[in-house]
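Structural overview for review
As a plain string of letters, each chain reads:
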Amino acid sequence: MTELHPATPPSDAWRETHLGRLLGHAMRRFDERVYQLMAHDVEVPLALSNLAAREQVSAAHIHITRHLSLAGDRLTDLAQSAGMTKQAMASLVDQCEAWGLVTREPDPHDARARIVRFTVTGLAWLKAFETAVAQAEVEFREAVGEDVATVVALGLEAYAEGE
């Protein structure tokens, strides 16, 4: 009896070059550059700079930096904004609280709830993140050219709004 094998496709190169994979690689490259810049930012508290330099800060931690509003947010709202479970976000908030980036305060509208807010150190971290993102964007524009960078930004914005 002969063993049946599935037909081998003529090429599977598409798996390396499809848009989702390219977006993932681009995002990882961009985030890694942001971490490098933050690790060398003199405004970032030394302990946090060392965490970034040793790659202890992950994309998950950056979710808090990207999504926590300046006024603060309830954990459930923060998790929803970041597209994470409440449990996963709670774990990240615990770590960021231990690092001195955020604090939890009672919600004045609901005694059972807490509001996650940036600390003074967290606001310095946020400023360093803003500066690093701006620099990484400049480097992206230099790498691909102004016209391509503008088209990419507009295309991604239009695509993201389609959610």
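Heads up: the structure comes first, above all this text.
Below is a short write-up of the structure.

This paragraph deals with the sheet that holds strand β1 (residues 73–74). Pairing is antiparallel across the open sheet formed by 3 strands, whose spatial order is β1-β3-β2. Where the open sheet ends on each side, the last strands, each with one partner, are β1 and β2 (102–107). Across 6 bridges, β2 lies against strand β3 (residues 110–118) in antiparallel orientation. If you follow V102 over to β3, its bridge partner there is F118.

Let's shift gears to the packing of helix α2 (residues 19–39) against helix α7 (residues 120–144). Where α2 contacts α7, the two axes come as close as 8 Å, and the packing angle between them is 125 degrees. Comparing their axes, α7 and α2 come out oblique. The interaxial crossing formed by α2 with α7 has right-handed handedness. Every residue of α7 that contacts α2 at F30, R33, V34, L37 and M38 is listed here: W125, A128, F129, A132, V133, Q135, A136, E137 and E139. Its residues placed into classes, the contact of α2 with α7 shows 10 nonpolar, 1 polar and 3 charged.

Definitions and limits used
- Residues numbered from 1 in each chain as written.
- Predicted model: local features only at pLDDT ≥ 70, side-chain atom pairs only at ≥ 80, totals over all residues.
- Heavy atoms only, no water.
- Pairing = 2+ DSSP bridges.
- Helix = DSSP H or I, 4+ residues; strand = E, 2+ residues; numbered from the N terminus.
- Axes fitted to C-alpha atoms, helices over the stretch in contact; angles between N-to-C directions.
- Parallel < 35°, antiparallel > 145°, perpendicular 65-115°, else oblique.
- Left-handed = near helix turned anticlockwise from the far one by under 90°.
- Contact = heavy atoms within 4.5 Å.
- Nonpolar A, V, L, I, M, F, W, Y, C, P; charged D, E, K, R; others polar.

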